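Okay, here's what each chain looks like letter by letter:
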Amino acid sequence: MSGGVVVTELPTGTVTFLFTDLERSTRIWEDHPDAMRDALARHDRILRDAVEQHGGYVVKTTGDGVHGAFATAHDALESTFDAQRALADERWPEATGPLRVRMGVHTGEAELRDGDYYGQALNRAARLMSVGHGGQVLVSESVETITRGALPDGLALIELGEHRLRDLSDPVRVFQLVHPDLQRDFPPLRALDVLPGNLPRQLTTFVGRADEVDRVAAAVRDRPLVTLTGVGGVGKTRLALQVAAEVAPEFPGGAWLCELAPVTDASALSDAVAATLGAPRPVGRSPDESLLEHLEPKRLLLVLDNCEHVLDAAARLVDAVTHRCPQVAVLATSREGLALAGEQIIAVPSLGVPAAEDEDADLERADAVRLFVDRARDAKQDFVLDALNGPSVAQLCRRLDGIPLAIELAAARVSALSPQALVDRLDQRFKLLTRGSRAALERHQTLRSTIDWSYELLDASERRALNALSVLAGSCDLAAAEAVLADEQLETGDVADTVGQLVDKSLVVVDDDDADPRYRLLETIRQYAQDQLEATGDTPAVRARHAACYVARAEAAGPRLRSREQVDAAAATARDTDNFRAALDFALESRSVDLALRLVAPLGVYGTAIGYAAMEWAAAAITVPDADRHPLFPKVAAWAAWGVTMRGDVEQGERLSATARACAERLGTNEPSLCQVPATLGFFRGDLATAERWSDEWVELVRPDADPYELAHALIMQAVAWQRSDPAKTRRTIEEAVQIARDAGIMSALSIGLSSLGSLVAQEEPDRALEVLAEAEQVGILVGDDQAVANAIQMRGWIAGGRADWHGALEAAAHGAAFRLQRGDVSLLITNYALGALALANLGHVEPAATLRGASERLVADRVDQELWVRQWYFELMPEADRELARGLGDDRLGELRRLGEAMPHVDAVALLCGEADRVLSED
């Protein structure tokens with residue numbers, strides 16, 4: 001490549017920026033500080049030479065990287081190529097190994113002040129660099145557009161698609177610089193859209209707080225628990241999300257946001273966190289224990305937002321997580337700390353405001369002013385900060401104490417009021433408290449006064465609507481808002497306009513990622529509006545309308561959840577889970593048996609998220625006085641019985657099942673699903689005669705009506721009950737269940753039925769079993785049944801093992817283990833360890849086989865449990881394999897390795913299995 005001219009002045013206007021970063025630098029510094037010192041000096045020289053020889057300017061060094069600026073994009077690309085080639089050709093110290101540098105290049109407008117650049121273009125270049133890998137050069141669309149068709153010989157740009165980058169609201173097109181002398185293949189980018197997790201897309205820019213982001217990010221990397229504290233509206237949540245996006249690439253398990261504001265019952269905290277993480281429902285364990293088992297092997301960041309109203313429960317859960325799950329980092333937001341050992345509490349300050357004497361200075365240096373201007377432009381596109389309105393904006397930000405929510409509420413009004421008019425109204429409505437050490441109270445009062453002021457600007461209809469919206473838990477669609485808000489003073493047809501006005505005034509947030517927009521209140525606004533609603537005395541009436549709305553929704557959803565619309569209906573009901581729970585709370589508090597049972601009964605659906613939630617609700621609903629006189633009581637009690645049975649409490653399941661049957665007999669109702677729990681209990685207890693009797697009765701009751709949902713599930717239960725005593729009947733029955741589920745589109749039954757069928761025919765018809773299991777896996781993915789997917793993978797491994805295809809068995813065992821570990825299904829890892837141990841033993845890899853043998857033993861409570869999950873031929877082949885292990889290792893060494901496996905954490909055991917599989921399969 002041709003060289004350039006060393007520049008003496010920084011380019012201005014449209015500038016191409018280069019950001020670089022050295023991969024693995026922290027680890028090398030810790031392990032080899034002396035060698036790293038020499039290597040980094042050579043690294044700096046190479047990068048500086050490459051930048052300056054192509055007409056660029058090194059603006060600054062950033063620890064282990066450089067920030068360069070170029071007048072042209074062509075020069076920047078030539079510079080990055082020469083730098084990467086020189087880095088690859090350099091003979092690095094043996095201790096450090098080759099240094100690998102990732103680079104990001106972006107072209108855009110930038111402002112040059114005091115020898116440094118400011119503007120969004122720098123952020124884009126830095127964000128591009130941050131999602132790459134060592135040796136990779138990532139380029140923005142702006143650079144690709146400029147250089148298209150005019151790249152230097154040998155260089156090319158390949159598109160990597162659109163990706164979400166941290167702190168950028170819209171996805172960006174990313175390109176990679178390629179050349180025959182450059183490495184071409186890299187892992188997927190570390191962009192937010194390819195990382196695990198659920199961090200929401202931010203639709204507004206993150207303003208200021210650079211120091212806070214760095215400080216909190218450093219703490220998250222170093223401490224098991226970091227808690228952001230501060231008054232409502234100070235920006236704790238937004239700062240937490242920004243930090244989570246910043247550090248997400250460092251957590252292979254992802255960054256997960258769990259919003260606790262909708263959790264009104266502290267006992268439901270674990271369930272809420274588990275639902276966010278997609279953790280499996282607990283069977284035979286408490287929700288806390290199940291959640292901890294899910295988290296224990298993972299390295300992830302858990303963001304718990306709004307802990308203050310469930311502070312004690314949150315503290316207990318986080319304490320257990322930090323002690324039990326050493327690779328999990330917790331970032332919490334709360335009005336106060338959790339008071340736990342090892343907690344790093346960071347108080348989130350207000351945004352910086354201009355000093356009174358600085359009103360003639362550069363006001364936008366103050367973060368509070370920058371935030372006001374940014375949000376004001378959202379409300380009024382042509383808003384400009386100038387010499388006339390600047391002093392008013394500065395005064396407004398000071399009087400609002402730099403609190404982001406207060407500033408955003410004020411900025412939202414610039415479409416109707418000038419900054420000076422805002423100041424004038426602010427002066428009329430409240431005074432700021434300035435009492436020294438009572439700063440926290442001052443900020444609270446300031447926020448309250450700001451909301452008071454914004455609230456008083458609403459007309460009567462808007463106020464009533466905002467008050468009523470406070471009863472909603474989480475979010476709602478427009479139809480629900482109409483049902484809750486419409487009364488004698490607000491007609492249904494006017495609700496949309498009224499809610500739209502509240503959205504425009506930043507008091508209601510609209511999430512329009514889906515085709516059907518959903519509305520929600522910020523938690524601070526919701527609490528404020530709740531207080532206003534209480535003051536009017538209208539709370540009972542509004543909550544009653546809310547409950548009636550969601551009872552009607554449950555009843556409308558019930559048939560759809562049991563039809564070919566099941567997948568869509570399950571997704572829709574899952575979005576309203578918090579509101580269903582809130583409606584049930586009202587029913588329980590008002591002792592309304594009818595509302596409680598009518599809400600829960602339709603939602604008790606197998607294989608869906610709402611159905612699992614309804615198991616807990618059913619147990620609460622049947623406790624309402626006189627509930628057993630209601631005709632829906634047997635159905636709801638049966639669902640409650642099913643729930644506790646699947647959690648492993650068979651005695652309580654038996655009691656509730658008996659109660660449901662007795663009530664049905666007394667009321668003269670006929671509820672077929674009452675047969676399921678006693679059938680299941682019989683199977684669990686090994687009483688197959690009882691299991692067969694109840695499952696047969698269930699099928700006989702539902703077959704005349706030909707309800708495909710009920711019949712398919714009844715037949716599956718019947719097949720399970722008959723599988724040991726009548727294999728032929730079992731096969732006919734499960735095939736009928738699968739056909740019924742397929743024809744009717746009942747995915748919850750189809751995924752279960754296909755898994756059962758694949759297992760049943762695996763020994764005699766392995767090829768057909770593989771086809772069935774492939775479909776089971778596809779259906780499991782469709783309905784979100786991770787366990788069905790993992791079971792299908794595992795069953796393919798058993799089929800390979802049954803054919804003595806030990807390589808195929810080992811590959812499936814490792815694949816399934818990695819899949820289960822990623823999702824926290826550690827209780828089912830027995831199947832992977834057992835099959836992996838047998839495969840490795842037969843392949844002559846005795847030490848890892850013995851270790852995995854021990855790991856499988858740790859998960860076996862008794863022989864019956866083991867036989868439920870492991871194929872029969874395993875028990876026939878494993879004794880001889882054990883003897884081979886003993887002959888190859890000796891009894892002492894075998895015992896030592898098995899004890900090692902028993903004590904080994906799951907993450908290490910799975911790593912051992914996967915590592916051995918990779919090594920064995922690559923060798924062969």
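Predicted model, so just to flag it, every value in this text is computed and none were measured.

The rules we used
- Sequence positions are assigned chain by chain, starting from 1 and proceeding in written order.
- At least 70 in pLDDT is required for a residue's local features to be given in this predicted model, at least 80 for side-chain atom pairs to be given and counted, and no such filter applies to totals for whole chains, interfaces and linings, which use all residues.
- Water and hydrogen atoms play no part in the side-chain values, which are based on all heavy atoms of the structure.
- Note on pairing: DSSP must find at least two bridges between two strands before they are called paired.
- Secondary structure elements follow DSSP: runs of H or I of four or more residues count as helices, runs of E of two or more count as strands, with numbering from the N terminus.
- As a rule, the C-alpha atoms of each element are fitted with a line to give its axis, helices using only the stretch in contact, and angles between N-to-C directions run from 0 to 180 degrees.
- Residue contacts follow a heavy-atom distance rule, with two residues in contact if any of their heavy atoms lie within 4.5 Å.
- In summary, the pairing rule links any two rings of Phe, Tyr or Trp, Trp by its six-membered ring, whose centres are within 6.5 Å, and it sorts them by plane angle into stacked for under 30 degrees, edge-to-face for over 60 and tilted for everything else.
- Only protein chains enter the accessibility calculation, which uses a 1.4 Å probe; a residue is then buried when its area is under 20% of its type maximum, exposed when over 50%, and partly exposed in between.
- We call two directions roughly parallel when the angle between them is under 35 degrees, roughly antiparallel when it is over 145, roughly perpendicular when it lies between 65 and 115, and oblique otherwise.
- Helix crossings fall into two classes, left-handed where the near helix is turned counterclockwise from the far one by less than a right angle and right-handed where it is turned clockwise.
- Side-chain classes follow a simple rule in which Ala, Val, Leu, Ile, Met, Phe, Trp, Tyr, Cys and Pro form the nonpolar group, Asp, Glu, Lys and Arg form the charged group, and the remainder, Gly included, forms the polar group.
- Think of a salt bridge as a Lys or Arg side-chain nitrogen and an Asp or Glu carboxyl oxygen that are within 4 Å of each other.
- Throughout, the protein atoms alone are placed on a 1 Å grid, and a set of points is a cavity if a 1.4 Å probe fits but cannot get out or a pocket if it is open with protein on both sides within 12 Å along at least five of seven lines; lining residues have an atom within 4 Å of a point.
- Grid points are joined across faces, edges and corners, and a volume is the space filled by probe spheres set on the points.
- Nonpolar core, defined: a set of buried Ala, Val, Leu, Ile, Met, Phe, Trp, Tyr and Cys residues in which side-chain atoms within 4.5 Å join the residues together.
- When the strands point away from the viewer and the path from the first strand over the helix to the second turns clockwise, the crossover is right-handed.

Asker: Can you lay out the sheet that holds strand β13 (residues 343-347) for me, pointing to particular residues and giving the numbers?
Answerer: Ordered by their spatial adjacency, 5 strands build an open sheet running β10-β11-β12-β9-β13, and the pairing between neighbours is parallel. Of all strands in the sheet, those bounded by a partner on one side alone are β10 (255-259) and β13. Neighbour-to-neighbour, the strand axes of this sheet turn through a mean angle of 20°, independent of strand direction. By the bridge criterion, 4 bridges tie strand β11 (residues 301-305) to strand β12 (residues 329-334) in an arrangement that is parallel. Directly across from V303, in β12, lies its bridge partner L331. The strands that helix α7 (residues 236-247) touches are β9 (225-229), β10, β11 and β12; relative to β12, the one it contacts most, it runs at about 165°.

Asker: Please provide a residue-by-residue account of the packing of aromatic side chains, values included.
Answerer: Taken as a whole and judged by the stated rule, the model has 5 aromatic pairs. A centroid spacing of 5.1 Å and a plane angle of 65° characterise the contact between Y606 and W639, whose relative ring orientation is edge-to-face. With Y606 in the loop between α23 (593-600) and α24 (609-621) and W639 in helix α25 (residues 633-646), the pair connects residues that are 33 residues apart, well separated along the chain. Assessed through its relative accessible area of 8%, Y606 is described here as buried. With a centroid separation of 5.9 Å and 25° between ring planes, the pair formed by Y606 and Y709 is classed as stacked.

Asker: Describe the packing of helix α29 (residues 708-722) against helix α31 (residues 747-761), and please don't skip the residues or the numbers.
Answerer: Two elements in contact, α29 and α31, have axes separated by 9 Å at closest approach and are oriented at 20°. If you check the angle between α29 and α31, you find them roughly parallel. With respect to the hand of their crossing, α29 and α31 are arranged in left-handed fashion. Along its contact with α29, which presents Y709, A712, H713 and I716, the element α31 presents S748, A749, I752 and G753. For the contact of α29 with α31, the residue count by class is 5 nonpolar, 3 polar and no charged.

Asker: Before we move on, could you go through the pattern of salt bridges and cite the residues and values that matter?
Answerer: Where charged atoms of side chains with opposite charge meet at close range, the side chains can pair. Tallied over the full model, the rule gives 41 salt bridges. Here E289 makes a salt bridge to R324, at a shortest N to O gap of 2.8 Å. Of this pair, E289 sits in helix α9 (residues 287-295) while R324 sits in helix α10 (residues 311-324), and the two are 35 residues apart along the sequence. Judged by relative accessible area, R324 falls into the partly exposed class, the value being 27%. Salt bridges sharing partners connect three or more residues here, namely D477, R518, R553 and D576.

Asker: How would you sum up empty space enclosed by the protein? Please name residues and give values.
Answerer: Empty pockets left among the atoms are what a rolling probe the size of a water molecule brings to light. Considering all chains together, one arrives at 3 cavities of 30 Å³ or more under this definition. Empty space within the second largest cavity amounts to approximately 50 Å³. L469, L472, G474, C476, Y519, R520, L521 and R526 are the residues that line the second largest cavity. Looking at the lining of the second largest cavity residue by residue, the classes come out as 5 nonpolar, 1 polar and 2 charged.

Asker: Give me the sheet that holds strand β16 (residues 518-520): which residues, what numbers.
Answerer: Judged by pairing direction, the sheet is antiparallel, and its 3 strands sit side by side in the order β14-β16-β15 without closing on themselves. A single partner strand is all that each edge strand has here, and the edge strands are β14 (476-477) and β15 (509-511). Two elements, β15 and β16, share 3 bridges in a ladder whose sense is antiparallel. Its bridge partner lying in β16, V509 is registered against R520.

Asker: Any chance you could break down the nonpolar core for me, citing the residues and the numbers?
Answerer: Ranked by size, the top nonpolar core spans 151 residues in total, and within it L466, L485 and W617 carry the most contacts. Discounting chain neighbours no more than four positions away, the residues touching L485 are A465, A468, L469, L490, V495, V499 and R545. Residues L47, A50, W92 and M103 belong to the second largest nonpolar core, which totals 32 residues.

Asker: Let's hear about the environment of G208: which residues, and what values?
Answerer: Tracing the chain through its elements places G208 in the loop between β8 (172-178) and α6 (210-222). Separated by 162 residues in sequence, G208 and R370 have C-alpha atoms that sit 8.0 Å apart. Residues contacting G208, with those up to four places away along its chain left out, are D367 and R370.

Asker: Describe in detail the pairing of β12, supporting the description with residues and values.
Answerer: Counting buried positions along β12 yields 6 of 6 residues, so the element is predominantly enclosed. Side chains of β12 alternate between two faces, with A329, L331 and T333 and V330, A332 and S334 buried alike. Between the parallel elements β11 and β12, the chain passes through α10 in a crossover that is right-handed.

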